[in-house]
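The chain contents come next:
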Amino acid sequence: MTSDFPVLDPSWTAQEEMALLEAVMDCGFGNWQDVANQMCTKTKEECEKHYMKHFINNPLFASTLLNLKQAEEAKTADTAIPFHSTDDPPRPTFDSLLSRDMAGYMPARADFIEEFDNYAEWDLRDIDFVEDDSDILHALKMAVVDIYHSRLKERQRRKKIIRDHGLINLRKFQLMERRYPKEVQDLYETMRRFARIVGPVEHDKFIESHALEFELRREIKRLQEYRTAGITNFCSARTYDHLKKTREEERLKRTMLSEVLQYIQDSSACQQWLRRQADIDSGLSPSVPMASNSGRRSAPPLNLTGLPGTEKLNEKEKELCQMVRLVPGAYLEYKSALLNECNKQGGLRLAQARALIKIDVNKTRKIYDFLIREGYITKA
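The name given to the chain in an unreviewed UniProt entry is Transcriptional adapter, and the organism recorded there is Balaenoptera acutorostrata. Database annotation for the chain, UniProt heading Subcellular location (unreviewed entry): "Nucleus".

Observations concerning a nonpolar patch on the surface
Taken together, the side chains of Phe5, Val7 and Leu8 define a hydrophobic patch exposed on the protein surface, amounting to about 250 Å² of accessible area. Looking at the secondary structure, you find valine 7 in the segment before helix H1 (14-27). A residue is classified by how much of its surface remains accessible, and valine 7, at 52% relative accessible area, is exposed.

Observations regarding the nonpolar core
If you look at soluble globular proteins, the nonpolar side chains tend to sit buried side by side. Formed by 22 residues in total, the largest nonpolar core has its most connected members in Leu326, Tyr331, Leu338, Leu348, Ile367 and Leu371. When residues of this core are traced back to their parent elements, those giving at least two are helix H12 (315-324), helix H13 (328-345), helix H14 (350-356) and helix H15 (361-373). Take this core: its biggest share by element is five residues, from H13. Setting aside residues up to four positions removed in sequence, leucine 326 forms contacts with Leu302, Leu304, Cys321, Tyr331, Tyr334 and Ile367. With eleven residues, the next largest nonpolar core counts Trp12, Leu20, Ala23 and Val24 among its residues.

Describing the side chain of glutamate 317
Within the secondary structure layout, glutamate 317 lies in helix H12. Note on glutamate 317: relative accessible area 2%, which makes it buried. Contacts of glutamate 317, omitting those with residues within four sequence positions, involve Lys312, Tyr331, Lys335, Phe370 and Tyr376.

Quick notes on the packing of helix H8 (residues 182-191) against helix H9 (residues 200-228)
When two helices pack together, their arrangement is given by the angle between their axes and by how far apart the axes lie. As a packed pair, H8 and H9 sit with axes 10 Å apart at the nearest point and diverge in direction by 150 degrees. Here H8 lies roughly antiparallel to H9, going by the angle between them. In the packing of H8 onto H9, the handedness of the crossing is right-handed. Of the residues in H9, those touching H8 at Glu183, Val184, Leu187, Tyr188 and Met191 are His203, Asp204, Phe206, Ile207, His210, Ala211 and Phe214. In the contact of H8 with H9, the residues fall into eight nonpolar, two polar and two charged.

Overview of the environment of glycine 199
Locating glycine 199 in the fold gives a position in the loop between H8 and H9. Taking the C-alpha atoms as reference points, glycine 199 and isoleucine 161, separated by 38 residues in sequence, lie 8.3 Å from one another.

Things to note about the pattern of salt bridges
Pairing of side chains with opposite charge becomes possible as their charged atoms draw close. Considering all chains together, one arrives at 16 salt bridges under this definition. Two residues, arginine 158 and glutamate 154, come together in a salt bridge whose shortest N-O distance is 2.9 Å. Of this pair, arginine 158 and glutamate 154 are both found in helix H6 (residues 135-164), four residues apart, which corresponds to roughly one turn of the helix. Owing to a relative accessible area of 32%, arginine 158 belongs among the partly exposed residues under this scheme. When its relative accessible area of 23% is taken as the criterion, glutamate 154 is described as partly exposed. Residues glutamate 215 and arginine 218 are paired through a salt bridge, measuring 2.6 Å at the closest nitrogen-oxygen approach. With glutamate 215 and arginine 218 both in helix H9 and three residues apart, the pair spans about one turn of that helix.

About the criteria used
Along each chain, residues carry numbers from 1 onward, in the same order as the chain's sequence is written. In view of the model being predicted, local features appear only for residues whose pLDDT reaches at least 70, and side-chain atom pairs are presented and counted only at 80 or more, with totals across whole chains, interfaces and linings using the full set of residues. Excluding hydrogens and water, the side-chain values take into account all heavy atoms of the structure. UniProt positions are given in the numbering used here, feature names are shortened, and annotations may be inferred rather than shown by experiment. Patch members must show over 30% relative accessible area and no salt bridge, and they are joined within 9 Å when carrying like charges or within 5 Å when they are nonpolar side chains of Val, Leu, Ile, Met, Phe, Trp or Tyr. The Shrake-Rupley method, run with a 1.4 Å probe, gives the accessible areas here. Residue values count only the displayed protein chains as cover. Salt bridge, as used here: a side-chain nitrogen of Lys or Arg that lies within 4 Å of a carboxyl oxygen of Asp or Glu. By definition, any uninterrupted DSSP run of H or I lasting at least four residues is a helix, any uninterrupted run of E lasting at least two residues is a strand, and each is numbered from the N terminus. Accessibility here uses a 1.4 Å probe with only protein chains present; expressed as a share of the type maximum, an area under 20% marks a residue as buried, one over 50% as exposed, and anything in between as partly exposed. Throughout this description, the term nonpolar core refers to a set of buried Ala, Val, Leu, Ile, Met, Phe, Trp, Tyr and Cys residues connected via side-chain atoms within 4.5 Å. It only takes one pair of heavy atoms within 4.5 Å for two residues to be counted as in contact. Comment: axis = line fitted to C-alpha atoms, over the contacting stretch for helices; angle = value between 0 and 180 degrees taken between N-to-C directions. Any angle from 65 to 115 degrees is called roughly perpendicular, while one under 35 is roughly parallel, one over 145 is roughly antiparallel, and all others are oblique. A clockwise turn of the near helix away from the far one marks a right-handed crossing, whereas an anticlockwise turn of less than a right angle marks a left-handed crossing. Under this grouping Gly is polar, as are all residues other than the nonpolar Ala, Val, Leu, Ile, Met, Phe, Trp, Tyr, Cys and Pro and the charged Asp, Glu, Lys and Arg.

What follows is the structure, given as C-alpha cells:
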C-alpha cells in the first residue's frame, strides 16, 4: 500500500501528515523551524499553519475528544463500592480480625453489633404513657420520644454513608486509596471527613480532579526543568533523563563508599556490612546482625549526608536515624504507617507496630518509643 493520498488537506499526503506529527513529537510544539528541517518537504510557515488548522483548531477533532471524554466519564462514573444488604459479603466469626475490620458488621442482618449511640434506648425504658398524666408531663415525655427519634435518624444517616461509600469493605477501600500518589493519599485522608456531605461519586470525582492536578503540576515541573537546562525537544530530554539517572546512581555509590570506609578499620564489621548490603540488594531482610557491644565495636552512626528525605527530618529524627542506622526514606514510610494505624485505632500497641513494620524488633521498639515520647502516637 502507498501513503501518497491526501487525508486532511489536498496538498498534504498521509505520509507527510505522519512525518509532521513525528517531527512535532521529537522537536516539541512551537519549534516550527526544527520541524520543517526534519520534514524537508514543507516550510516553517506551512508546518505551523497546517498543524494549527487541522490538529489544534479542528472542530471535528474537538467534538471527537469531547465524546471520548464523556464516554470515559460515563465508564468511570460509579467508582464507589456500594455494600448493600442484598449482597453476599463475607461472614466472619465474632471478634475475628475480619470482623473487627468490618466494625462488627453482621451481613445476614445488615446491622452492626454495636450501633452508633448504642444506649439511646435507655432514655425510654422507664417512660410509660398513662391517662392521668398532666399536660406538662405528657409534653415532656413526647419531647423525650422526639429526641430519641432524632437519634435514630442520625444512626440511619451514618449507616447510609457507610453503605454508599463502601466503607464496610475496609480492605477493598484501602486498596483503592493506595492507587494514588503519596501526596494525593494525604489529601484523601484530610478530605475524608467531608465525604458525608457529598455523595460517593462526587467525592471520588473531587479526589480524582486533585490527582489529575497533581500529575499536571508534576509534568509542568518536569518540563520547566527541561527548559531551565536549555532543552527544547524530547530527544534531548530523553538523553538528559538518562544522564541525570546515571549521575544519581554515581552519587549513591559515593555515599555507599563513604559508609563502607567507616567500617574498613574493623574487618569483621566490614564483612557483616557487606553481607547485609547483599541481602538488601537481593530483596531479603538483613540476616546478619551488626556488631554488638559484647567484645566488638558497635556500629558507628549512619551518615545521612546526601540521602533522600533527610531534609524532611527534624534534628531529633535525624539523631534517631543515625543511631538506629535507618535511611530517612524508610523511617518516613514507617512513621506514616504507624500514624495512620494509630489514628484509625485511637492508639497503638508495640505488638501492632511490629506487625506493621517488618524490620528488626529492636529498631521497631526504638522507633515506637521515640514516636510515643515525641507525642506523634499514643499507647492503646
